[in-house]
Amino acid sequence: MAFSEFRRLDERSVIEYVKGVPALASKLQLAEAEAEADADADHNITVKEIGDGNLNFVFIVVNSASKASIIIKQALPYIRCIGESWPLTKDRAYFEATALEEQGRLAPNHVPQVYHFDLTMSLIAMRYLEPPHIILRKGLIAGIQYPLLAPHMAHFMANTLFFTSLLFRSTLDHKREVAKFCGNAAMCRHTQQVVFSDPFQVSQYNHWSSPYLDPDAEALLQDNLLKLEVAHLKSIFSERAQALIHGDLHTSSVMVTPQSTQIIDPEFAFYGPMGFDIGAFLGNLILAFFAQDGLLDQSNDRKAYKEWILQTIEDTWNLFYEKFIALWDEHRNGAGEAYLPAIYNDPEVLLLAQRRYMSDLFHDSLGFGAAKMIRRIVGVAHVEDFESITDAAKRATCERKALNLAKMLLKDRRKFEGIAEIVSAIRQF
Ligand code: ADP
Ligand code: SR1
Ligand code: MG
């Protein structure tokens, strides 16, 4: 029995729900007797709400008899961490499910499988990423190194971005796919507000480590050069349908073990600028870097860990670059209509075109990454990397360094030619 209209689920009704959907009952290996709506048979099923994100409710459902488990994620028509006063379309679940399917096809080793989607209930059932998977941000706070993180993220980003761009697709295919995600407009508008608008205006939602950062937050409102650059990025974000982007690729959207990297939560997905994803990931690694000085203790000075983060930033971009260009070379005579083989048949011209494309992408990524760093310090939703630093003065010192680097990157990003220069700049703050 499926629910005929939207109903908010809780730990009890989730059981009723999964028993009513044959695909889920079978995933959980429920015996037929248990799948019947018989309350006495519920004793093998345990449900726990584990959502620690900002927006939705996430339940893990386990059949203790068979040990089978699934995740049920439900979107409610508002932002969970704020409450009903900030409505947000629950249609986001549809775009998340659609993006998970598409990204899962393009990077199958790095995306949890979707088992079931229910439009009426704004609900996705997917693979439970079992322990030792943890949210990457928590691993970064704990000081854990992930040797495969950079190659895995580079692979995920290169594949999902290249194969959904006009470099690979024909114009007709590309436009058809762009149209599929146009409906996620409310989520794009949300990002426009919290990333590109609120940090640069007075907003009831902004907050920061006050009083330490009061002058820093005030300075953002007076910085005309910064406002010009942010306006440019906002325009690219809102107007450029370059590829299917995740749309919220920060370090809490990645679950990891030393061997596995899984990208979750693409509810903000739409056709937008590639640099928004790359920048989100790199920008959040930079936030993690600056948080380390507030997280060190007598047993660990975090020096080696900071070096590992910097190396991961450098490797992620360099490996992404390599993989993206390799895909471009491999498919240069395919259906993609951005660089027609008849025009770019001279290898020298193609090489120059590729260099130009990647240089623009690098600068976009730096700009978006910087904007996303700023929003996490003075905007509505902050990051645990800094929030877990209990000494407020120490936290503000870390945040100010990150903020100053981000402001410099936003304004001067075009002066940087390679990621090694960015790593040097990070070291200087
Ligand atoms: P939100 O959209 O609210 O940010 P997330 O998709 O980030 O929600 O999920 C919130 C939390 O639920 C994650 O931080 C993670 O701990 C857990 N979670 C989400 N999806 C899975 C999954 N497939 N497997 C295991 N845990 C998950
Ligand atoms: C109230 S803003 C909440 C934020 O959490 C999500 O991860 C998105 O980044 C969103 O902007
Ligand atoms: Mg989310």
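Cut-offs applied
- Residues numbered from 1 in each chain as written.
- Chains lettered and ligands numbered in written order.
- Predicted model: local features only at pLDDT ≥ 70, side-chain atom pairs only at ≥ 80, totals over all residues.
- Heavy atoms only, no water.
- Pairing = 2+ DSSP bridges.
- Helix = DSSP H or I, 4+ residues; strand = E, 2+ residues; numbered from the N terminus.
- Core = buried A, V, L, I, M, F, W, Y, C linked by side-chain atoms within 4.5 Å.
- Buried < 20%, exposed > 50% of the residue type's maximum accessible area, 1.4 Å probe, protein only.
- Domains from an automatic or database assignment.
- Contact = heavy atoms within 4.5 Å.
- Donors = N, O, S within 2.8 Å, 3.2 Å for Na, K, Ca; no water.
- Phe/Tyr/Trp six-rings, centres within 6.5 Å; stacked < 30°, edge-to-face > 60°.
- Lys NZ or Arg CZ within 6 Å of the ring centre and 35° of its normal.
- Axes fitted to C-alpha atoms, helices over the stretch in contact; angles between N-to-C directions.
- Parallel < 35°, antiparallel > 145°, perpendicular 65-115°, else oblique.
- Left-handed = near helix turned anticlockwise from the far one by under 90°.
- Nonpolar A, V, L, I, M, F, W, Y, C, P; charged D, E, K, R; others polar.
- Salt bridge = Lys/Arg side-chain N within 4 Å of Asp/Glu carboxyl O.
- Near = heavy atom within 4 Å.
- Polar contact = N/O pair within 3.5 Å; in protein donor to acceptor, adjacent residues only side chain to side chain.
- Areas by Shrake-Rupley, 256 points an atom, 1.4 Å probe, with all protein chains shown as cover.
- 1 Å grid on protein atoms, 1.4 Å probe; cavity = no way out; pocket = protein on both sides within 12 Å on 5 of 7 lines; lining within 4 Å.
- Sits in = over half its atoms within 2 Å of the grid points.

K.L.:
Describe the pairing of strand β5 (residues 83–87), listing the residues and the values that go with them.
P.N.:
Note: strand β4 (residues 78–79) against β5, two bridges, orientation antiparallel. When the sheet's bridge partners are listed, tyrosine 78 is paired in β5 with proline 87. Remark: three residues form the turn of the hairpin made by β4 and β5, two consecutive strands paired antiparallel.

K.L.:
How would you summarise the nonpolar core if you had to cite specific residues and measurements?
P.N.:
Grouped together as the largest cluster of nonpolar side chains are 117 residues, with contacts concentrated most on Ile313, Phe320, Phe324 and Phe386. If one sorts the elements of this core by residue count, helix α11 (residues 274–295) sits on top with 14 residues. A domain-level breakdown of this core finds at least three residues from each of domain 1 (11–126) and domain 2 (134–428). Apart from residues no more than four positions distant in its own chain, phenylalanine 324 is found in contact with Ala158, Leu161, Phe162, Leu167, Met274, Tyr357 and Met358. Ranked by size, the runner-up nonpolar core spans 23 residues in total, among them Tyr17, Leu28, Phe57 and Phe59.

K.L.:
Please provide a residue-by-residue account of the coordination of the magnesium ion (ligand 3), values included.
P.N.:
Summarising the metal site, the magnesium ion (ligand 3) is bound by the protein donors Asp265 (OD), Asp265 (OD) and Glu267 (OE), whose distances to it range over 2.0 to 2.6 Å. The same class applies to aspartate 265 and to glutamate 267, which are both buried.

K.L.:
Describe the packing of aromatic side chains, and please don't skip the residues or the numbers.
P.N.:
Evaluated as defined, the whole model comprises 27 aromatic pairs. Aromatic pair tryptophan 317 and phenylalanine 320: ring centres 5.6 Å apart, planes at 40 degrees, arrangement tilted. On the criterion of helical spacing, the pair formed by tryptophan 317 and phenylalanine 320 is a turn pair, its members being three residues apart in helix α12 (residues 303–330). Comparing tryptophan 317 with phenylalanine 320 shows no difference in burial state: the two are buried. Considering the side-chain rings of tryptophan 328 and tyrosine 339, the 5.1 Å spacing of their centres and the 50 degrees angle between planes classify their relative orientation as tilted. With tryptophan 328 in helix α12 and tyrosine 339 in the loop between α12 and α13 (347–378), this residue pair connects regions lying eleven residues apart in the sequence. Residue classification places tryptophan 328 among the buried positions, given a relative accessible area of 3%. A relative accessible area of 22% places tyrosine 339 in the partly exposed class. Through a chain of ring-to-ring contacts, the aromatic side chains of Phe162, Phe163, Phe168, Trp317, Phe320, Tyr321, Phe324, Trp328, Tyr339, Tyr344, Tyr357 and Phe362 assemble into a single cluster. It is arginine 8 that lies over the ring of phenylalanine 57; its NZ or CZ is 4.5 Å from the centre.

K.L.:
Give me the lowdown on the packing of α12 against helix α16 (residues 419–428), citing residues and values where you can.
P.N.:
Packed helices, taken two at a time, are described by the angle their axes make and the gap between the axes. Where α12 contacts α16, the axes come no closer than 9 Å and their chain directions differ by 155 degrees. By the angle between their directions, the pair α12 and α16 is classed as roughly antiparallel. As α12 packs across α16, the resulting crossing turns out to be right-handed. For the pair α12 and α16, contact is made by Glu307, Leu310, Ile313, Glu314, Trp317 and Asn318 and by Ile419, Ala420, Val423, Ile426 and Arg427, respectively. Tallied by class, the residues present in the contact of α12 with α16 amount to seven nonpolar, one polar and three charged.

K.L.:
Explain the pattern of salt bridges to me, using residue names and the numbers behind them.
P.N.:
Under the counting rule described, the total for this entry stands at 20 salt bridges. With a shortest N-O distance of 3.2 Å, arginine 105 and glutamate 102 are connected by a salt bridge. Of this pair, arginine 105 and glutamate 102 both sit in helix α4 (residues 92–106), separated by three residues, roughly a single helical turn. Accessibility expressed as a relative area gives 13% for glutamate 102, which makes it buried.

K.L.:
Account for the site of ligand 1, naming residues and giving values.
P.N.:
Residues in contact with ligand 1 amount to 18 residues; listed here are only the nearest, Asp52, Asn56, Lys73, Leu129 and Glu267. Contacts to ligand 1 include glutamate 267, whose side-chain N or O atom sits 2.8 Å from an oxygen atom. Relative to its unbound accessible surface of 550 Å², ligand 1 loses 93% to contact with the protein. More than half of the atoms belonging to ligand 1 lie within 2 Å of the grid points that define the largest pocket. Going through the elements one at a time, β3 (69–74) and β7 (123–127) are the ones with two or more residues in the shell around ligand 1. By residue class, the composition of the shell around ligand 1 is ten nonpolar, three polar and five charged.

K.L.:
Which residues make up the packing of α11 against helix α15 (residues 392–412), and what are the values?
P.N.:
Packing of α11 against α15 leaves a shortest axis separation of 8 Å and a crossing angle of 150 degrees. On the basis of the axis angle, α11 is roughly antiparallel to α15. Seen from above, α11 lies across α15 with right-handed handedness. Mapping the contact onto sequence places Ile286, Leu287, Phe290, Ala291, Asp293 and Gly294 in α11 and Lys394, Cys398, Lys401, Ala402 and Leu405 in α15. For the contact of α11 with α15, a count of residues per class yields seven nonpolar, one polar and three charged.

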